[in-house]
Amino acid sequence: MITVKVYGPGCKRCETTAEMVREAASKLGVEIEVEKVTDPREIAMAGVMSTPGITVDGKLVHAGGLPDKAKLDGWLAG
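Residues numbered from 1 in each chain as written. Predicted model: local features only at pLDDT ≥ 70, side-chain atom pairs only at ≥ 80, totals over all residues. Heavy atoms only, no water.

**Side note on the pairing of strand 2 (residues 32–37)**
Taken together, the six bridges between strand 1 (residues 2–7) and strand 2 define a ladder with parallel strand orientation. Residue pairing for strand 2: V6 is matched across the bridge by K36. Note that the unit made of strand 1, helix 1 (residues 12–28) and strand 2 has a crossover that is right-handed. (Pairing = 2+ DSSP bridges. Helix = DSSP H or I, 4+ residues; strand = E, 2+ residues; numbered from the N terminus. Right-handed = clockwise from strand over helix to strand, strands pointing away.)

Have a look at this one:
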């Protein structure tokens, strides 16, 4: 199972990003666990300077704006 964290204050873009992650995983048939992180201290400690941010199994793969769908598929497919 892949652990994906979506970092952000809970804004619309952050919610959309989390939904994009779920949809991509479903399409790929990948089992994931999505965690939303809204604590500013945790966001900063993860190295996310612009939200939303995404980590996949602890590796920061995206920060700022909505992710590209093709890149999202690549991150989840490994």
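**Looking at the pattern of salt bridges**
Applying the stated criterion across every chain, the model contains three salt bridges. The shortest N-O distance in the salt bridge between R22 and E19 comes to 3.9 Å. Here the residue R22 and the residue E19 both occupy positions in helix 1, the gap between them amounting to three residues, near one helical turn. Judged by its relative accessible area of 37%, E19 falls in the partly exposed class. A salt bridge links D73 to K27, with the nearest nitrogen and oxygen atoms 2.9 Å apart. Placement of the pair is D73 in helix 3 (residues 69–77) and K27 in helix 1, with a sequence separation of 46 residues. (Salt bridge = Lys/Arg side-chain N within 4 Å of Asp/Glu carboxyl O. Buried < 20%, exposed > 50% of the residue type's maximum accessible area, 1.4 Å probe, protein only.)

**A word on unusual backbone geometry**
Between T51 and the following residue, P52, the backbone shows a cis peptide bond with an omega angle of -5°. Counting through the fold element by element, P52 comes out in the loop between helix 2 (40–45) and strand 3 (53–56). In this structure, D57 takes a positive phi of about 50° despite not being glycine.

**Observations concerning the pairing of strand 4 (residues 59–63)**
As judged from the four bridges shared by strand 3 and strand 4, these two strands associate in the antiparallel manner. Along strand 4, the bridge assignment pairs I54 with H62.

**Focus: the environment of E35**
Looking at the element boundaries, E35 is found in strand 2. What makes E35 partly exposed here is its relative accessible area of 32%. Once the C-alpha coordinates of E35 and K5 are considered, the two residues, 30 residues apart in sequence, prove to be 4.7 Å apart. Beyond its immediate stretch of four places on either side in the chain, E35 contacts V4, K5 and V6. (Contact = heavy atoms within 4.5 Å.)

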